[in-house]
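# Chains, contacts and geometry: an overview
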Amino acid sequence: MTWEFLLEQFAVQFGLWWVIIPAIFLGIIVGILPGFSPQNTLIMLLPLTLAVPVEQAMAFMIALYCANHLAGGIPAILVKIPGSGGAAATTLDGYPMTQKGQAQQALVLCFTASVFGGLITTLATLALLPWLSQIGLYLRSVEMVVVMLFGLTLIAVIAAKDTLKALIAGFFGLLVGVIGTDHIYNTPRATFGFLELYDGVPLVPALIGLFAISEALVMLEEKMIVDEAGRERALRVRWADTIDGLRLSVQKWWHIVWTAFVGLFIGIVPGAGASIAAFVAYQQSRLWSKHPEQYGTGIPEGVIAPESANNGVTSGTLVPTLALGVPGGSTAAVMMIVLQYHGMVMGPRLFASNPNVAYGVFVSMAVAYVFMIFTILPLARYMSRVVLFETTYLAPIIVLVTIVAAFGERQYLFDMALALVFGVIGYVAHKTSYHVTAILIGILLGPLFEQYLVRALRISQGDLTILFSSTLGNILWGFLVLSLVLPVLKTRFSRSSPPQP
Amino acid sequence: MKKPLGADLIIPALALGFAAYFFVSIADLAWEAKANGVIIGTILVFLILIQVARIAAQWARGKASLSLETVIEPREAIVKRVGLVAVTIAFIATLHWLGLTLGLLLAMLAALWLMGARGKVLFVIPIVVAAAAYLLFVALLNTDIPHGPIERLFS
């Protein structure tokens, strides 16, 4: 790959602005709506992407995919409803910022962290592609079990106010995540007799119920979602607030960079995805922070970390797809189908035989991010006014529209009822501090955790010591223990240290 | 004043009931199919027992009551909350006959009326929301959502 080749690729991709800009807007709409995943949208648009030249098809799909990752944070910040699982962690600090009347700043932080996080990791991927593509090969079932457990420890660490309640919520979610047929014999487990649960608990209804519906039911207690001071601030929206958001982003530039790389490395692991990346980045951000106690109260770092990471994932996911032919996620799988339809053979040979496509994908991603910052940033001012709606109108719209969105993923009426059930569970959990996020992480990780655990146990014929049999796995165990112990030690240390004059 | 901790037992009770059902449903399966569930379920039951013991200890010391007020308060929102859930159930149950547009229009009307909305806004919001849902889910995305009289009229 030479500089001339790279510059030529950038010129080609900038020339595709007429494909990229509409895809960005479509991606934003799809990302804002819970239940509309980029892969479903791409599947619906498959006839279009198969009909046009591969460069245009990839530019369209990549722009839609990246915009979708960015847009999931918008409803997460404004109304505490993540547009996708990857934005669930954004609610933790994004929504409190909105409640404080800083919705515009939070949105700008979300946009800049997403765009620059995505851009930096895309450029890094371009430079490090030959080496990055090897990482996935070193992670086998044993290491993946530890990676999953690492995700599980977030349950306790994120909801540190009451670790026991958080653990109950998390393990309850994990058990719910095991509903469905097992991976080996396809025998149904705890499906309550519903065929619709044989494939497991669908994530979108769970997400909609636990976040959107439960939040709407809680929202009814107040006239508005912001307090009086926040309302006053929201009424006086100015461009100065957008600039303030930009100032905060520049101030926290290093935070954007390192959390984006957390996303990139997790994205490379097939199956891990944006949700895990966002939570890991949030947890690491809190772990290394000088003021961890402020997380959850509405601070910029709490918005930057998950947003930067979930966009860092976008380039990471494509690494195993192109280099190994193993899709890093479902959207990557759809892209792989389109590439294969156009005669591309995935794997290391793709970079030699079709460098304009292999590298062009990442160049296209970088260009999409550049376009995105100019198209979406000015909209923050207007989007932030959503908080001025009275809950009298907002709650019914949220409940009834999101329940329809629950239908979108699998097109079952059953999923709408399931979302309502999760909504009621989420409401009780919310009111009694059982942390709905912990339940969601559990549901999210349940199937993956089982898949890798059973695979490892089958190799060892049921011997659990296999989980401690690999060097890389043991290093990961060390990190896991560290991330559990460090917050406790830090709290103890800060309590015992004398107060500063 | 005693801390109302009765509601803190709802999620553990639900989780315990589900864990029990899960164990029954996997009793006759091969070890590969139940290994994960047994590990997770056992840890969950253990955690629930600790939580129950914690609440029981506070209750025995007279520091907590088993009142459910945490989930009920504020009482003035109960009618709205239960009403919204009831309207949603009715919407899902009748969707097959009414179709998305008409069903959503009526459900929005009922929900907004329950929330206390009156006047023009009571009709404007449902019409806008139902029209937007029709455009997105039926006209644009062509999903398999049930069609009713309005969808048939425009098809």
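Residues numbered from 1 in each chain as written. Chains lettered and ligands numbered in written order. Predicted model: local features only at pLDDT ≥ 70, side-chain atom pairs only at ≥ 80, totals over all residues.

What follows covers the overall build of chain A. Counting secondary structure elements, chain A contains 24 helices and 2 strands. Expressed as a percentage of contacts within chain A between residues at least 6 apart in sequence, the contacts between residues at least 24 apart total 79%. (Helix = DSSP H or I, 4+ residues; strand = E, 2+ residues; numbered from the N terminus. Contact = placed C-beta atoms within 7 Å.)

Of the regular secondary structure elements, chain B holds 6 helices and 2 strands. Start at the N end of chain B and walk to the C end: the helices and strands fall as β-α-α-β-α-α-α-α. In terms of overall dimensions, chain B is more spread out than a globule: its C-alpha atoms have a radius of gyration of 23 Å, far above the 15 Å expected for 155 residues. Counting only C-alpha atoms and orienting by the principal axes, one finds that chain B spans roughly 60 × 50 × 20 Å. A total of 155 residues make up chain B; the buried ones form 31% of that total. (Rg over C-alpha atoms; globule rule 2.2 N^0.38 Å. Buried ≥ 20, exposed ≤ 12 C-beta atoms within 10 Å, placed from the backbone.)

When the parts of a complex come together, some accessible area is lost, and that lost area is often used as the size of the interface. At the interface, 58 residues of chain B touch 49 residues of chain A. When contributions to the side of chain B that touches chain A are tallied by element, the ones reaching two or more residues are helix H1 (10-26), helix H2 (31-60), helix H3 (69-72), helix H4 (78-115) and helix H5 (121-140) of chain B. In terms of residue count, H4(B) provides more of the side of chain B that touches chain A than any other element does, 16 residues in total. Across the side of chain B that touches chain A, the residue classes break down as 44 nonpolar, 9 polar and 5 charged. (Nonpolar A, V, L, I, M, F, W, Y, C, P; charged D, E, K, R; others polar.)

Here the domain parsing of chain B yields domain 1 (3-72) and domain 2 (75-154). Centre-to-centre, using C-alpha coordinates, domain 1 of chain B lies 37 Å away from domain 2 of chain B. (Domains from an automatic or database assignment.)

Quick look at the packing of helix H5 (residues 54-71) of chain A against helix H16 (residues 300-323) of chain A now. Residue and element names in this part refer to chain A. Direction vectors running N to C along H5 and H16 enclose 160 degrees, while the axes themselves pass 9 Å from each other. It follows from the interaxial angle that H5 and H16 lie roughly antiparallel. The two elements H5 and H16 meet at a crossing, and its hand is right-handed. When H5 is examined against H16, the residues Tyr65, Cys66, His69 and Leu70 are found in contact with a partner set consisting of Asn310, Asn311 and Thr314. Across the contact of H5 with H16, the residue classes tally to 3 nonpolar, 4 polar and no charged. (Axes fitted to C-alpha atoms, helices over the stretch in contact; angles between N-to-C directions. Parallel < 35°, antiparallel > 145°, perpendicular 65-115°, else oblique. Left-handed = near helix turned anticlockwise from the far one by under 90°.)

Here the bond from B:Glu73 into B:Pro74 is cis, since omega is -10 degrees, no more than 30 degrees from zero. Note on placement: B:Pro74 falls in the loop between H3 and H4. Within the chain, A:Asn186 stands out as a residue other than glycine whose phi angle is a positive 60 degrees. By secondary structure assignment, the location of A:Asn186 is in the loop between strand S1 (180-181) and strand S2 (188-189). Of the residues examined, A:Asn186 has 10 C-beta atoms within 10 Å and is grouped as exposed.

Right, let's talk about helix H11 (residues 203-219) of chain A for a bit. Residues and elements named next belong to chain A. Compared with an ideal rise of 1.5 Å per residue, which puts 17 residues at 24 Å, H11 spans 23 Å between its outermost C-alpha atoms and is within 8% of the ideal. The axis of H11 is deflected most strongly, by about 35 degrees, at glycine 209. Counting buried positions along H11 gives 15 out of 17 residues, so the element sits mostly inside the fold. (Expected span 1.5 Å × (residues − 1). Bend = angle between axes of the 7 residues up to and from the residue.)

Turning next to the packing of helix H14 (residues 253-268) of chain A against H16(A). Residues and elements named next belong to chain A. Viewed as axis vectors pointing N to C, H14 and H16 meet at an angle of 40 degrees, and their least axial separation amounts to 6 Å. Relative to H16, H14 is oriented oblique. As for the relative orientation of H14 and H16, their crossing is right-handed in sense. Here the contact of H14 with H16 is composed, by residue class, of 14 nonpolar, 11 polar and 1 charged.

Within the largest apolar cluster, 193 residues are counted, with the highest numbers of intra-cluster contacts made by A:Ala63, A:Ile168 and A:Ala368. Per-domain counts for this core show at least three residues from each of domain 1 (3-72) and domain 2 (75-154) of chain B. Those residues in contact with A:Ala368, other than ones at most four positions away along the chain, are A:Ile20, A:Ile24, A:Ile62, A:Ala63 and A:Cys66. (Core = buried A, V, L, I, M, F, W, Y, C linked by C-beta atoms within 7 Å.)

By secondary structure assignment, the location of A:Leu217 is in helix H11. C-alpha of A:Leu217 to C-alpha of A:Leu203: the two residues are 14 residues apart in sequence and 20 Å apart in space. Setting aside residues up to four positions removed in sequence, A:Leu217 forms contacts with A:Gly423, A:Tyr427, B:Arg81 and B:Leu84.

Right, let's talk about the confidence of the model for chain B for a bit. Residues and elements named next belong to chain B. In this model, chain B carries a mean pLDDT of 91, and residues with pLDDT of at least 70 account for 100%. Within chain B, the element-level pLDDT minimum falls on strand S1 (residues 3-4), averaging 86, and the maximum on H1, averaging 95. Interface confidence in the predicted complex, given as ipTM, is 0.95; pTM for the same model is 0.76. (pLDDT = per-residue confidence, 0-100.)

On to the environment of A:Leu164, then. If you trace the backbone, A:Leu164 turns up in helix H10 (residues 163-177). Between the C-alpha atoms of A:Leu164 and A:Pro396, which are 232 residues apart in sequence, the distance is 33 Å. Setting aside residues up to four positions removed in sequence, A:Leu164 forms contacts with B:Leu47, B:Ile50 and B:Gln51.

Turning our eyes to something else, we now look at the confidence of the model for chain A. Across chain A, pLDDT averages 82, with 87% of residues at or above 70. Ranking the helices and strands of chain A by mean pLDDT puts helix H22 (residues 413-431) of chain A first, with 94, and helix H3 (residues 38-44) of chain A last, with 66.

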